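# Structural description and commentary
Okay, here's what each chain looks like letter by letter:
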Amino acid sequence: MLYWLTELSDGGDLFNLFRYITFRAGGAFLTALIFGFIFGRPLIDVLRKRQGKGQPIRNDGPEGHFVKAGTPTMGGLLIVGALLTSTLLWARLDNPFVWMVLFVTMGYAAIGFADDYAKVAKQNTAGVSGRVRLLLGFLIAGLAAAWAAWHHPAELTGQLPFPVFKNALLDLGIFFVPFSMIVIVGAANAVNLTDGLDGLAIMPVMIAGGTLGIIAYAVGRTDFTEYLDVHYVPGTGEILIFCAGLIGGGLGFLWYNAPPAAVFMGDTGSLALGGALGAIAVATKHEIVLAIVGGLFVVEALSVIIQVFYFKRTGKRVFLMAPIHHHYEKKGWAEPQIVIRFWIISLILALIGLATLKLR
């Protein structure tokens, strides 16, 4: 919205700064961060008052989690609110990719909110039916994928680029939309599975979001794409502003989610943020790089898939408990130890993902 202040510029004044994506990204970061600090405590107080007993704790979960009983959930509202406010304020609102990512984020936030509300109201961990969640998730992802494909340059429409092998393109044709749907839905549910310890999910999301923001900025500039020898996708640079808001809102939330957490993000936050990461990857044509940058989320999801498949086939478990962060809890690792080590892994994977931009 503030971009339109450039209409008042003569080319050499303060208003001219609003032309630059990097300046507006900084504004989005600060806006989201301040939003989190201002509204964090009031939101937590309201959630605690309305929810009473807070988020239900699984009876079969790690024993150490029972002390968290009474902690309110739906803290993702703080992140989503900060993210939405900062993006609408600082991004160009005539950019189709900004609206595509916002659509996925808010759509998945709505699904997560309904699920969190059902859990709190019924005081059990069932929530909304998994089939309903998946159906709505695929519907939102399908609309977003079709929107992205419509606005991709003609030479990249329906194509899947590969990192490192810069000239390699896989023509998915009509299967691009179904593939993109799987990317978005998979990312949303992978982040949701990761959100099991205080501070565990939000930092890797911020790291992945920051990395994808840099990639979005790079592939949206012809000079960068020529230097890095990656495919140019005009308009994606504005996604950096969304990612900056994500980091600012995430830090504001982490202030209250740091152990011992005063609030959980719930499905409201985890589905929204995971869906956002998937949407950014689809918009920037970096779906495979998302699997590297978000490798921690991939491992968390795979641990659940492996555990369920193996148990159904043999009646035995591969892990002491899935997702895999609970496995390490069962082995005696302290919660902060698991969280910080997973943060380190996320940072390493992000650096590897960024390195693929120049490798050939």
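Above this text is the structure in question.
So, here is what we can say about the structure in this document. (Residues numbered from 1 in each chain as written. Predicted model: local features only at pLDDT ≥ 70, side-chain atom pairs only at ≥ 80, totals over all residues. Heavy atoms only, no water.)

Summing up its helical and strand segments, the protein chain has 13 helices and 2 strands in all. Against the globule reference of 21 Å for 360 residues, the protein chain gives a C-alpha radius of gyration of 20 Å, in line with a compact fold. Dimensions along the principal axes, computed over C-alpha positions, put the protein chain at roughly 60 × 45 × 35 Å. Within the protein chain, counting contacts between residues at least 6 apart in sequence, those at least 24 apart form 74% of the total. (Helix = DSSP H or I, 4+ residues; strand = E, 2+ residues; numbered from the N terminus. Rg over C-alpha atoms; globule rule 2.2 N^0.38 Å. Contact = heavy atoms within 4.5 Å.)

For the rest of this paragraph, the subject is unusual backbone geometry. P259 connects to P260 through a cis peptide bond whose omega is -10°. Position of P260 relative to the elements: it lies in the loop between α8 (239-257) and α9 (266-284). In this model, A322 is joined to P323 through a cis peptide bond whose omega is 0°. Here P323 is to be found in the loop between α11 (295-314) and α12 (324-330). Positioned with a positive phi, D229 is a non-glycine residue whose angle comes to about 60°. Among the secondary structure elements, D229 is positioned in the loop between α7 (222-228) and α8. The phi torsion at K285 lies on the positive side, around 60°, for a residue other than glycine. Within the secondary structure, K285 is located in the loop between α9 and α10 (287-293). With a relative accessible area of 3%, K285 lands in the buried category. (Buried < 20%, exposed > 50% of the residue type's maximum accessible area, 1.4 Å probe, protein only.)

Along its 27 residues, helix α3 (residues 96-122) runs 39 Å from first to last C-alpha, staying within 8% of the 39 Å computed at 1.5 Å per residue. In the segment just after α3, Q123 is the residue with positive phi, at about 55°. (Expected span 1.5 Å × (residues − 1).)

Glancing now at the nonpolar core. The tendency in soluble globular proteins is for nonpolar side chains to be buried as a group. Counting 85 residues, the largest nonpolar core has M100, Y108, I202, I239 and F242 as its most contacted members. Considering each element in turn, this core owes the most residues, 12 residues, to helix α6 (residues 202-219). When neighbours within four sequence positions are excluded, I202 is seen to be in contact with I79, G250, F253, L254, N257, M265 and L273. Ranked by size, the runner-up nonpolar core spans 8 residues in total, among them L197, L296, V339 and F342. (Core = buried A, V, L, I, M, F, W, Y, C linked by side-chain atoms within 4.5 Å.)

Bringing the packing of aromatic side chains into the picture now. Enumeration according to the criterion identifies 9 aromatic pairs in this entry. Ring geometry for F35 and F39: centres 4.6 Å apart, planes at 45°, overall tilted. Here the residue F35 and the residue F39 both occupy positions in helix α1 (residues 21-51), the gap between them amounting to 4 residues, near one helical turn. A relative accessible area of 18% means that F35 is categorised as buried. Note on F39: relative accessible area 42%, which makes it partly exposed. With 6.4 Å between their ring centres and 25° between their planes, F113 and Y117 make a pair best called stacked. Taken together, the residues span about one helical turn, with F113 and Y117 both in helix α3 at a distance of 4 residues. By the ring-pair criterion, three or more aromatic residues cluster together here, those being F18, F23 and W90. Against the face of F224 rests R221, its NZ or CZ located 4.6 Å from the ring centre. Against the face of W333 rests R341, its NZ or CZ located 4.7 Å from the ring centre. (Phe/Tyr/Trp six-rings, centres within 6.5 Å; stacked < 30°, edge-to-face > 60°. Lys NZ or Arg CZ within 6 Å of the ring centre and 35° of its normal.)

So, about the packing of α11 against helix α13 (residues 335-355). Across the interface, α11 lies against α13 with an axial gap of 8 Å and an inter-helix angle of 125°. One element, α11, and the other, α13, form an angle in the oblique class. Note on element contacts: α13 touches α11 through F342, S346 and L349, opposite G295, L296 and E300. When grouped by side-chain class, the residues that make up the contact of α11 with α13 number 3 nonpolar, 2 polar and 1 charged. (Axes fitted to C-alpha atoms, helices over the stretch in contact; angles between N-to-C directions. Parallel < 35°, antiparallel > 145°, perpendicular 65-115°, else oblique. Nonpolar A, V, L, I, M, F, W, Y, C, P; charged D, E, K, R; others polar.)

Within this structure, the stated rule accounts for 8 salt bridges. Of the charged contacts in the structure, one is a salt bridge between D115 and R133, with a shortest N-O distance of 3.2 Å. Of the two residues, D115 sits in helix α3 while R133 sits in helix α4 (residues 130-151), which places them 18 residues apart along the sequence. As far as the burial class goes, D115 and R133 line up, both buried. As a salt-bridge pair, D267 and R133 come within 3.5 Å of each other at their nearest N and O atoms. Taken as a pair, D267 in helix α9 and R133 in helix α4 lie far apart in primary sequence, 134 residues in all. Accessibility classification places D267 together with R133 in one group, the buried group. (Salt bridge = Lys/Arg side-chain N within 4 Å of Asp/Glu carboxyl O.)

Contact geometry of α6 with α8 gives a least axis separation of 8 Å together with a crossing angle of 165°. With respect to each other, α6 and α8 are oriented roughly antiparallel. Along this stretch, α6 crosses α8, giving a crossing that reads as left-handed. The residues of α8 that touch α6, namely those facing I202, M203, V205, M206, G209, G210, L212, G213, I214, A216 and Y217, are I239, L240, C243, L246, I247, G250, L251, F253, L254 and N257. Here the residues of the contact of α6 with α8 are counted per class, giving 16 nonpolar, 5 polar and no charged. (Left-handed = near helix turned anticlockwise from the far one by under 90°.)

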